[in-house]
Amino acid sequence: MNELKLLCLCGSLRKASLNRKLMKQAAACFDGRVEVGDLRLPLYDGDLEDAVGLPEAVAHLVEQIREADAVLIACPEYNKAPPGVLKNALDWISRAEGHVLQGKPVAIVSATAGRAGGERTQSVLRLMLQPLRGEVLTHPEVLVGSASKEFDETGALLSERYQKAVAALMARLTEAARVRVRRDAA
Ligand SMILES: Cc1cc2nc3c(=O)[nH]c(=O)nc-3n(C[C@H](O)[C@H](O)[C@H](O)COP(=O)(O)O)c2cc1C
């Protein structure tokens, strides 16, 4: 079987993002090649779409998703919901030809200042993903609460509990991607 491809998306744009650290740690547990998508996209605007179709950055992201065997989303919690950056990206992605996420295994992780680790933002993100038809993994949940205390200076998770949850989630994502690739090849 060819090497699997993982596409990672992070809902936080800031350099020191804790979700990006978590995303990188999770990606390192995936058995395959890793790419990161750039969510610095123009705001969705129907007039822009009428004028140019999918803007270049969106078209590139859509292509990355088409080529990926699995997708990992690191989802911050802003006021108990995913950030607009992520919603905007999903709205653009939904405008591409066909359902680009259809049947692709998707894993979600989150890191938050609050103690619940993003339980609510993950619930909302799962609803947001339904129309895009990805196969979102339900467990194990990776919810890193009080996250500013949970990473060392290299960006690695300190606690064994979280390390194990991340590794288990990514093992399931790898396996789901393998199953899908085998099914598509049959
Ligand atoms: C607009 C905004 C809203 C936020 N709302 C929440 C929230 O509802 N729950 C929470 O735990 N943290 C909340 N936070 C704090 C974030 O969890 C924290 O800033 C986190 O580090 C952001 O993710 P990042 O480090 O990946 O950028 C909020 C932060 C911002 C900027």
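Residues numbered from 1 in each chain as written. Predicted model: local features only at pLDDT ≥ 70, side-chain atom pairs only at ≥ 80, totals over all residues.

Asks: Please clarify how the overall build of the protein chain should be interpreted in this entry.
Replies: Counting secondary structure elements, the protein chain contains six helices and six strands. Relative to its length of 186 residues, the protein chain is compact, with a C-alpha radius of gyration of 16 Å against a globular reference of 16 Å. Dimensions of the protein chain, computed from the C-alpha atoms along their principal axes, are close to 50 × 40 × 25 Å. Sorting the 186 residues of the protein chain into buried and exposed places 38% on the buried side. Once local pairs closer than 6 in sequence are excluded, the contacts in the protein chain between residues at least 24 apart make up 82%. (Helix = DSSP H or I, 4+ residues; strand = E, 2+ residues; numbered from the N terminus. Rg over C-alpha atoms; globule rule 2.2 N^0.38 Å. Buried ≥ 20, exposed ≤ 12 C-beta atoms within 10 Å, placed from the backbone. Contact = placed C-beta atoms within 7 Å.)

Asks: Which parts of the structure should I look at to understand unusual backbone geometry?
Replies: Glycine aside, the phi torsion of most residues is negative, and most peptide linkages are trans. Looking along the chain, the bond that leaves His139 and enters Pro140 is cis, with omega of -5 degrees. Position of Pro140 among the secondary structure elements: in the loop between β5 (135-136) and β6 (142-144). Despite not being glycine, Arg133 shows a phi value in the positive range, around 65 degrees. By the secondary structure assignment, Arg133 is in the loop between α5 (119-129) and β5.

Asks: What exactly am I supposed to notice about the site of the ligand here?
Replies: The environment of the ligand is made up of 15 residues, and the closest members are Ser12, Ser17, Asn19, Thr112 and Gly114. A class-by-class count of the residues in the shell around the ligand yields six nonpolar, six polar and three charged. (Near = placed C-beta within 6 Å. Nonpolar A, V, L, I, M, F, W, Y, C, P; charged D, E, K, R; others polar.)

Asks: What exactly am I supposed to notice about the nonpolar core here?
Replies: As a rule of thumb, nonpolar side chains are buried together in soluble globular proteins. Formed by 48 residues in total, the largest nonpolar core has its most connected members in Val71 and Leu72. Within the residue set of this core, elements represented by two or more residues are β1 (5-10), α1 (18-27), α3 (56-67), β3 (70-74), α4 (84-93), β4 (105-111), β6 and α6 (160-185). The element that contributes the greatest number of residues to this core is α6, accounting for seven residues. The residues touching Leu72, leaving out its near neighbours within four places in the chain, are Leu6, Cys8, Met23, Ala26, Ala27, Ala107 and Leu173. (Core = buried A, V, L, I, M, F, W, Y, C linked by C-beta atoms within 7 Å.)

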